[in-house]
Amino acid sequence: MQAELVLDARNGTGESPVWHAAEQALYWVDIPARTLNRWHAGEGHAQWTANEMIACIAPRADMPGEWIAGMESGLFSLKPQADGTLAAASLAPVEHAAAAMRFNDGRCDRQGRFWAGTILLDMAAGARVGRLYSYGRGDADAALRMDDFIVPNGLAFSPDGRTMYLSDSHPTVQAVWAFDYDTASGIPGNRRLFVDMKPLPGRPDGAAMDTDGCYWICGNDAGLVHRFTPDGRLDRSLEVPVKKPAMCAFGGAGLDTLFVTSIRPGGIDLSDQPLAGGVFALRPGSGIAGVPETAFGT
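Residues numbered from 1 in each chain as written. Predicted model: local features only at pLDDT ≥ 70, side-chain atom pairs only at ≥ 80, totals over all residues. Heavy atoms only, no water.

Draft legend 1. Focus on empty space enclosed by the protein. The final tally for this structure, using the stated rule, is one cavity of 30 Å³ or more. Estimates place the volume of the largest cavity at around 50 Å³. Lining the largest cavity are Ser16, Pro17, Val18, Ile57, Ala58, Pro59, Gly106, Arg107, Cys108, Met247, Glu293 and Thr294. Of all the secondary-structure elements, those providing two or more residues to the lining of the largest cavity are β2 (14-20), β6 (56-59) and β10 (101-108). Here the lining of the largest cavity is composed, by residue class, of seven nonpolar, three polar and two charged. (1 Å grid on protein atoms, 1.4 Å probe; cavity = no way out; pocket = protein on both sides within 12 Å on 5 of 7 lines; lining within 4 Å. Points joined across faces, edges and corners; volume = space filled by probe spheres on them. Helix = DSSP H or I, 4+ residues; strand = E, 2+ residues; numbered from the N terminus. Nonpolar A, V, L, I, M, F, W, Y, C, P; charged D, E, K, R; others polar.)

Draft legend 2. Seen up close, the pattern of salt bridges. Inspection of the entire model under this criterion finds 15 salt bridges. Note that Asp221 and Lys244 form a salt bridge whose closest N and O atoms lie 2.4 Å from each other. Taken together, the positions of Asp221 in the loop between β19 (215-220) and β20 (224-228) and Lys244 in the loop between β21 (234-239) and β22 (245-251) put the pair 23 residues apart, joining distant regions of the chain. Given a relative accessible area of 41%, Asp221 falls into the partly exposed group. (Salt bridge = Lys/Arg side-chain N within 4 Å of Asp/Glu carboxyl O. Buried < 20%, exposed > 50% of the residue type's maximum accessible area, 1.4 Å probe, protein only.)

Draft legend 3. Structural detail: the sheet that holds strand β14 (residues 152-157). What the four strands build is an open sheet, ordered β14-β15-β16-β17; its pairing is antiparallel. Strands at the two margins of the open sheet, each flanked by one partner only, are β14 and β17 (187-196). Geometrically, the sheet is characterised by an average inter-axis angle of 25° between neighbouring strands, direction not taken into account. Where strand β15 (residues 163-168) and strand β16 (residues 175-182) come together, six bridges link them in antiparallel fashion. Along β16, the bridge assignment pairs Thr163 with Asp180. (Pairing = 2+ DSSP bridges. Axes fitted to C-alpha atoms, helices over the stretch in contact; angles between N-to-C directions.)

Have a look at this one:
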């Protein structure tokens, strides 16, 4: 289970890894660099730059080759260009709860709706201005579903799509909640505490789901990725050689590799974690595989 370095990417904030099965390639973003990245075992690394920070992505089923993305001012459709840029078309502008905000974690539910949360750029302020939105194919606007978050994170959906998971990464919260999810309406309810991570190593960050219905979440600041069973029990913790793993995603031909993106903090001594900001691969264990991610507009 030793982590393998996939790419010494040196990302400021590597986030939203997504395995593209048709291409057998991993995509992810570096938020402060405003880049969409692609890695393929035989073709290496490519990247494209946007005009705003990109925080979360999902492939578009209705427009192959394009991505839906949560950025600074709203939701956009992104199309990689040959010159290394991203053509961006606005889908749903968002009026944030405060100035200097952006989107953060996001992904599609099993029906192809895109979900994403927003945060204040100054996360240390601890302001509860974060919101959670959903957006479906044909929608005119992004629907506000929940608010009163500091750093909404850890979005995931159970294999049958009937349970939604969501965390708040801020040090004062460090909670993961589960919701009953109405797959027809796309509305969550019956919010309940799934895991209190304050007693555990690492703050809850980005997450992934396996076919057993277990929830994998990065333990930011602890260099760990935790697996929780559907009843909220900690099953195992896997190590990565950096302190700030940001988000994980299952990929590879059998979806049995867990890819992990990470953060490279600025202004501190990194001699004890020179690979900070890299992308890593873990073998989570025999018989464990991920659930394929649903594309937007499926």
